[in-house]
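Examination of the molecular architecture
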Amino acid sequence: MEAVLAILRKEVKAQGINQRDLGARIYRSQTWVSHHLDGSYVLSLDDFLRLCDGLTLSPVATLSRALNK
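The following paragraphs examine the structure supplied in this document. (Residues numbered from 1 in each chain as written. Predicted model: local features only at pLDDT ≥ 70, side-chain atom pairs only at ≥ 80, totals over all residues. Heavy atoms only, no water.)

**Looking at the overall build of the protein**
The helix and strand tally for the protein stands at five helices and zero strands. In the protein, the succession of helices and strands from N to C terminus is α-α-α-α-α. Relative to a compact globule of 69 residues, whose C-alpha radius of gyration would be 11 Å, the protein shows 11 Å and is just as compact. The principal-axis extent of the C-alpha atoms belonging to the protein is close to 30 × 25 × 15 Å. Buried residues in the protein amount to 36% of all 69 residues. By element, 54% of the accessible surface of the protein is carried by carbon and sulfur atoms, the whole surface being about 4,300 Å². Each charge class in the protein can be summarised by its mean position, and for the 9 positive and 7 negative side chains these summaries are 5 Å apart. (Helix = DSSP H or I, 4+ residues; strand = E, 2+ residues; numbered from the N terminus. Rg over C-alpha atoms; globule rule 2.2 N^0.38 Å. Buried < 20%, exposed > 50% of the residue type's maximum accessible area, 1.4 Å probe, protein only. Areas by Shrake-Rupley, 256 points an atom, 1.4 Å probe, with all protein chains shown as cover. Lys, Arg positive; Asp, Glu negative; His and termini not counted. Charge placed at Lys NZ, Arg CZ, Asp CG, Glu CD.)

**Some points on unusual backbone geometry**
The phi dihedral of Y27 is positive, around 60°, even though this residue is not glycine. Along the chain, the position of Y27 falls in the loop between α2 (19–26) and α3 (30–37). Backbone geometry at T56 places phi at a positive 50°, although glycine is not the residue there. According to the relative accessible area criterion, T56 is exposed, its value standing at 67%.

**Some points on the environment of R9**
Turning to its location among the elements, R9 is positioned in helix α1 (residues 2–14). Residues R9 and S64, 55 residues apart in the sequence, show an inter-C-alpha distance of 16 Å. The residues touching R9, leaving out its near neighbours within four places in the chain, are E2, L37 and D38. Among the polar contacts made by the side chain of R9, one reaches the main-chain carbonyl oxygen of L37 at a distance of 2.5 Å. (Contact = heavy atoms within 4.5 Å. Polar contact = N/O pair within 3.5 Å; in protein donor to acceptor, adjacent residues only side chain to side chain.)

**Overview of the packing of aromatic side chains**
In the structure shown here, the tally under the stated rule is zero aromatic pairs. Positioned above the aromatic ring of W32 is the side chain of R28, whose terminal nitrogen or guanidinium carbon lies 5.6 Å from the ring centre. (Phe/Tyr/Trp six-rings, centres within 6.5 Å; stacked < 30°, edge-to-face > 60°. Lys NZ or Arg CZ within 6 Å of the ring centre and 35° of its normal.)

**Things to note about the side chain of T62**
The residue T62 is located in helix α5 (residues 59–67) in this model. Given the relative accessible area of 2%, T62 is considered buried.

Structure, rendered in structure tokens:
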């Protein structure tokens, strides 16, 4: 799971957005985004898909990258 979170955090940085912007894209608060990206909350499948959507990432490609790390 940590590999998935690392990819998501890296993508936030690469896109030059902040957690507030990502939260706005997915209709969640900055706090919600922060807790999910830092691992404070368990990342459910729905939350993972929501974050991928907000970052315009393919969930399949993201999981594949995480598994190949």
